[in-house]
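# Structure assessment
Letter by letter, the chains look like this.
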Amino acid sequence: MRETSADLAALQDLLDRSMATAGAHLSRIITPERRLSARDVCDRLTGMSLLALATVTSDGRPLVGPVDGVFYRGSFYFGSAPDSVRFRHIRRAPYVSATHLPGESLAVTVHGKAVPVDVRSADQAGFRRTILDVYVPRYGPEWETFLDSGPVYARIDATRMFTFHMAAEPPVRRTDRVRRTDRASG
């Protein structure tokens, strides 16, 4: 976990403010016991987290696509090619939404503004080290050369973040279903 105590406090405040503005339907689903604390979020979102990222086209249509997300210091970061449709949208209208949904027992959704970051600048050295720690073991040391070849990154400055966690239900075995059916009919 790379978050400071100030990062955790700011993230917890964001989570609390977000739930305070949630509608009745969302509040019925994301009950207090199903929420994650800031520390829990940071503990779960290590390495690469696949995100479904939504941007907005010039005529106002949403466009969703997958991106590699890296959670660093309380925010999601993601990258793409500088000439990607995704970054063309962001340069025109930077508002985005993203969800990490690895299964039905965990969801992290964020709404906010995509802010470009330069992974070669000194103030992004910590983030650069983090993505190198994620991708070099996976793709080899040449990935750092790729990183310097021109992909662009952005951080989502969140205005809202919602988390959902629920203990995964054990899978129901076929024999269990048959036994339940037999008892119900007998």
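See the structure above.
Residues numbered from 1 in each chain as written. Predicted model: local features only at pLDDT ≥ 70, side-chain atom pairs only at ≥ 80, totals over all residues. Heavy atoms only, no water.

### Concerning the nonpolar core
- Counting residues in hydrophobic clusters, the biggest one holds 26 residues, and the most contacted among them are Leu11, Phe71, Phe76, Phe78, Ile156 and Met161.
- In this structure, Ile156 is in contact with Leu53, Ser75, Phe76, Phe78, Val96, Ala98, Val110, Gly112 and Lys113, ignoring residues within four places of it in sequence.
- Counting 13 residues, the second-largest nonpolar core is a separate cluster that includes Tyr77, Val119, Val134 and Tyr135. (Core = buried A, V, L, I, M, F, W, Y, C linked by side-chain atoms within 4.5 Å. Buried < 20%, exposed > 50% of the residue type's maximum accessible area, 1.4 Å probe, protein only. Contact = heavy atoms within 4.5 Å.)

### Some remarks on the environment of Pro102
- Tracing the chain through its elements places Pro102 in strand 4 (residues 95–103).
- Between the C-alpha atom of Pro102 and that of Ser49, which follows or precedes it by 53 residues, the distance is 8.3 Å. (Helix = DSSP H or I, 4+ residues; strand = E, 2+ residues; numbered from the N terminus.)

### Considering the pairing of strand 4
- In this structure, strand 1 (residues 48–56) lies alongside strand 4, joined through 3 bridges in antiparallel fashion. Counterpart to Ala54 in the pairing with strand 4 is Ser97.
- Bridge analysis of strand 4 against strand 5 (residues 106–117) gives 7 bridges, and the strand direction is antiparallel. Paired with Thr99 across the two strands is Thr109, which belongs to strand 5.
- Counted between consecutive antiparallel strands, the loop separating strand 4 from strand 5 contains 2 residues. (Pairing = 2+ DSSP bridges.)

### Notes on the sheet that holds strand 2 (residues 62–72)
- Here we have 6 strands rolled up into a closed barrel, ordered 1-2-3-6-5-4, and antiparallel in their pairing. When the angles between neighbouring strand axes are averaged without regard to direction, this sheet yields 40°.
- Packed on one face of the sheet, helix 5 (residues 125–139) meets strand 1, strand 2, strand 3 (75–80) and strand 6 (152–165) and runs near 100° to strand 2. (Axes fitted to C-alpha atoms, helices over the stretch in contact; angles between N-to-C directions.)

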